[in-house]
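Observations on the model geometry
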Amino acid sequence: MNDREAFQDALHHAKSTWVGCQWWTQFGSAGLNLAGLRSRQAALAAKATRGEESQCWCEAAIWLIQIERDAALAAELAQQAFRAAELGNNETARQLLNDAVELERKYREPTVYPHVQQIYQLANPVPESLSLRGN
């Protein structure tokens, strides 16, 4: 497998792996576990319940919307990084991948986009002249 295919495979895996909250939570006053739930499911639960539980589900739906948006944005940034790499814009590609990792870091220790970043870095090491620039 060539570097381009490895990068595409890692990108595809990342896009299909992080789409929302896929980790255990104790969200809000009800301690809701939102792992594997989508915002639309939480919104339905908010409508199906009353009082404090309904409010908690409503807040969970809002939080899940943000996670889903950030997951989609991370996927888009990684796709832009792939296009930048194809054009030989390695610094841009590196920055876009860093941004994708930081989006994931907002919610948990990043696991998905660091792998994409690693595949890219193995195929496109930083030239020594650039890595020593700050010294």
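Reference entry: report on the structure contained in this document. (Residues numbered from 1 in each chain as written. Predicted model: local features only at pLDDT ≥ 70, side-chain atom pairs only at ≥ 80, totals over all residues. Heavy atoms only, no water.)

In total, this model carries 7 salt bridges according to the counting rule given. When the shortest N-O distance is used, the salt bridge between Glu104 and Arg108 registers 2.9 Å. Across the pair, Arg108 and Glu104 agree in class, each one buried. (Salt bridge = Lys/Arg side-chain N within 4 Å of Asp/Glu carboxyl O. Buried < 20%, exposed > 50% of the residue type's maximum accessible area, 1.4 Å probe, protein only.)

Next up on the list: the environment of Val116. The topology assignment puts Val116 in helix 5 (residues 113-123). Overall, the relative accessible area of 0% leaves Val116 in the buried class. Separated by 114 residues in the primary sequence, Val116 and Asn2 have C-alpha atoms spaced 15 Å apart. The contact partners of Val116, leaving out residues within four places of it in the chain, are Phe7, Ala10, Leu11, Ala14 and Leu97. (Helix = DSSP H or I, 4+ residues; strand = E, 2+ residues; numbered from the N terminus. Contact = heavy atoms within 4.5 Å.)

Attention now goes to the nonpolar core. Core analysis: the biggest nonpolar cluster contains 38 residues, and Trp18, Leu34, Trp57 and Tyr113 have the highest contact counts within it. At the level of elements, helix 1 (3-17), helix 2 (39-48), helix 3 (51-86), helix 4 (90-105) and helix 5 are the ones that each hand at least two residues to this core. Take this core: its biggest share by element is 14 residues, from helix 3. Once residues lying within four places of it in the same chain are set aside, the contact partners of Trp57 are Leu32, Leu34, Leu37, Ala42, Ala45, Ala46 and Thr49. (Core = buried A, V, L, I, M, F, W, Y, C linked by side-chain atoms within 4.5 Å.)

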